[in-house]
Amino acid sequence: MERLTRRSFLRSCLHLAGSAAAFPLLPMSTSCKEQSGPADSRPGRETEDSPERGTAARTAHPEFEPAFLALHQTGELSQRAEKLWGLMASCELCPRMCGTDRLASDTGFCGASAKLEIAAHHPHFGEEKGLVGTGGSGAVFFTNCGLRCVFCINWQISQGGAGSERSIEDLAGMMLTLQKIGCGNINVVTPTHYSAHIVRAVDLAAGMGLRLPIVYNTCGWERPEILRLLDGIVDIYLPDFKYADGGMAEKYSSGADTYPQLTKAALIEMHRQVGTARPSADGLIRRGLIVRHLVMPNNIAGTRAVMKWIGENLPADTYVNVMSQYTPVYKASEYPPISRRITRGEYDDAVRWAREAGLTNLDIQGYRFL
Ligand code: SF4
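Residues numbered from 1 in each chain as written. Predicted model: local features only at pLDDT ≥ 70, side-chain atom pairs only at ≥ 80, totals over all residues. Heavy atoms only, no water.

Under the defined criterion, the tally for this structure stands at 20 salt bridges. We note a salt bridge from D240 to K242, for which the minimum N-O separation is 3.4 Å. Both residues of the pair, D240 and K242, belong to the buried class. Via salt bridges that share partners, R228, D231, E269 and R272 belong to a single interconnected network. (Salt bridge = Lys/Arg side-chain N within 4 Å of Asp/Glu carboxyl O. Buried < 20%, exposed > 50% of the residue type's maximum accessible area, 1.4 Å probe, protein only.)

Next up, the structure:
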């Protein structure tokens, strides 16, 4: 494995600056990703410093220890990475389980081979308040996606191939760069198909001083078996819960009719691992589950059923972000039911249904956009 050198670190910094220029209006983060958040991602701040061992952790909270550190110290983190890596031989990292031999450089349904491709990394200020703090969330946007929604706001990255090939060492350098410039976490956006690469990079970066929580920012459609391999590595799960109806998922997310059942199982597993998201004294969330639900026009998302399920299966104070910013982009105009934004009335209904489901920790910042 290539050593993380000053040159590769500087390359990460340049990529950071270039990323911000190339994607100045990237929405929040969202995995494949749903259209979360205002387009409020400020450009990253370039730095030319090298992440010398020990100094890279200076922005991390002094009393916080990320979950992955213990596994790094015992060698378990490396073993987990190798298990995930092996699953790419007949790939089963995501629910498509398409069986592609990515280790032989074949490309799966998601568009990924064994080569790591990254579109951007930079501090992100459009995420949930508890993830942003003063330094931003350290977002890394991965190219390709297994869900492939027709309304994806990041479609150039998830389905258009935007991004470039990077090494594990590059990714570790990006994480250290984001920590060094003051981000509160490492936010891996659409991580599923590169989970093996990410765990390898976290292991490498941990040895060089990475001390920030990992935010696993996913479309929600995850295999619980894979999530169990991330137990003790991820501190914050940030899944979408996009659809209550498998027929809708099939229609708008490339045949993913198992979306509701698998996402429900995934949310249960995520909550088992990290519990409910609660802010620390400084306002930053460093551990827990945050669920995002994008309200869609004509109730395509099945919001009432989604909220009812969360209310019945997760604690009442589960952090649920009720998002209003659906925008008919990419291929959405080809589908009349989703070819418009939502109305204020539709958002009001969504919030009312969430409250009727007994949910008490709602993020309804979405009102600002209606
Ligand atoms: S991650 Fe990609 S290659 Fe692997 S199963 Fe999913 S779609 Fe197939």
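F151 and L171 are the most contacted members of the largest nonpolar core, which has 88 residues in total. Discounting residues that sit within four places of it in the chain, L171 has contacts with L116, I118, V140, F142, H197, I198 and A201. In this structure, L131, I236, L238 and A277 belong to the second largest nonpolar core, which totals eight residues. (Core = buried A, V, L, I, M, F, W, Y, C linked by side-chain atoms within 4.5 Å. Contact = heavy atoms within 4.5 Å.)

Bringing helix α7 (residues 195-206) into the picture now. Compared with the 16 Å implied by 1.5 Å per residue over 12 residues, the 16 Å span of α7 between its first and last C-alpha is a close match. Counting buried positions along α7 gives 11 out of 12 residues, so the element sits mostly inside the fold. (Helix = DSSP H or I, 4+ residues; strand = E, 2+ residues; numbered from the N terminus. Expected span 1.5 Å × (residues − 1).)

Next up on the list: the pairing of strand β4 (residues 186-189). Two faces make up the sheet, and in a regular strand the side chains alternate between them. Along β4, one buried face is formed by I186 and V188 and the opposite face, lined by N187 and V189, is buried too. Bridge count for β4 against strand β5 (residues 214-218) is four bridges, and the pairing is parallel. The residue of β5 that forms the bridge with N187 is V215. Handedness of the β-α-β unit built from β4, α7 and β5 comes out right-handed. (Pairing = 2+ DSSP bridges. Right-handed = clockwise from strand over helix to strand, strands pointing away.)

Turning our eyes to something else, we now look at the packing of aromatic side chains. Counting across every chain of the model gives seven aromatic pairs. Ring centres of F241 and W309 lie 5.9 Å apart, and the angle between their planes is 80°; this geometry places the pair in the edge-to-face category. With a gap of 68 residues between them, F241 in the loop between β6 (236-239) and α9 (246-252) and W309 in helix α11 (residues 303-313) connect regions that are remote in the sequence. Its end group placed over the ring of F109, R148 keeps NZ or CZ at 6.0 Å from the ring centre. For the cation-ring pair, R200 lies above W85, with the distance from its terminal atom to the ring centre recorded as 3.7 Å. (Phe/Tyr/Trp six-rings, centres within 6.5 Å; stacked < 30°, edge-to-face > 60°. Lys NZ or Arg CZ within 6 Å of the ring centre and 35° of its normal.)

We now examine the packing of helix α3 (residues 76-86) against α7. Two elements in contact, α3 and α7, have axes separated by 8 Å at closest approach and are oriented at 160°. As summarised for this structure, α3 and α7 are arranged roughly antiparallel, according to the angle between their axes. Where α3 crosses over α7, the two elements pack in a sense that is left-handed. Contacts between α3 and α7 involve L77, S78, A81, E82, L84 and W85 from the first element and S195, A196, H197, V199, R200, V202 and D203 from the second. (Axes fitted to C-alpha atoms, helices over the stretch in contact; angles between N-to-C directions. Parallel < 35°, antiparallel > 145°, perpendicular 65-115°, else oblique. Left-handed = near helix turned anticlockwise from the far one by under 90°.)

The next thing to look at is the environment of R287. Mapped onto the elements of the fold, R287 is located in the loop between α10 (259-274) and β7 (288-294). We classify R287 as partly exposed; its relative accessible area is 37%. Sequence-wise, R287 and I236 are 51 residues apart; in three dimensions their C-alpha atoms are separated by 4.8 Å. Excluding anything up to four places from it in sequence, R287 contacts A67, V234, D235, I236, Q273, V274, T276, A277 and R278. Looking at R287, its side chain comes within polar contact range of the main-chain oxygen of Q273, at 2.9 Å. (Polar contact = N/O pair within 3.5 Å; in protein donor to acceptor, adjacent residues only side chain to side chain.)

With that settled, consider the side chain of S158. With respect to the element layout, S158 can be found in helix α5 (residues 155-158). Here Q159 takes part through its side chain, which lies 3.4 Å from a polar atom of the side chain of S158.

This paragraph deals with the confidence of the model for the protein chain. Scored by pLDDT, the protein chain comes out at a mean of 88, with 83% of its residues at no less than 70. The low-confidence segment residues 1-27 (pLDDT under 50) makes 80 contacts with residues lying over four places distant or belonging to another chain. Here residues 36-58 is modelled with pLDDT under 50, and outside its nearest four sequence neighbours on either side it reaches 72 contacts, counting other chains as well. (pLDDT = per-residue confidence, 0-100.)

Glancing now at the sheet that holds strand β3 (residues 164-166). Read from one edge of the open sheet, nine strands run β3-β1-β2-β4-β5-β6-β7-β8-β9, paired in mixed fashion. Looking at the sheet topology across the chains shown, the edges are occupied by β3 and β9 (361-363). In this sheet, neighbouring strand axes are inclined to one another by 30° on average, regardless of whether the strands run parallel or antiparallel.

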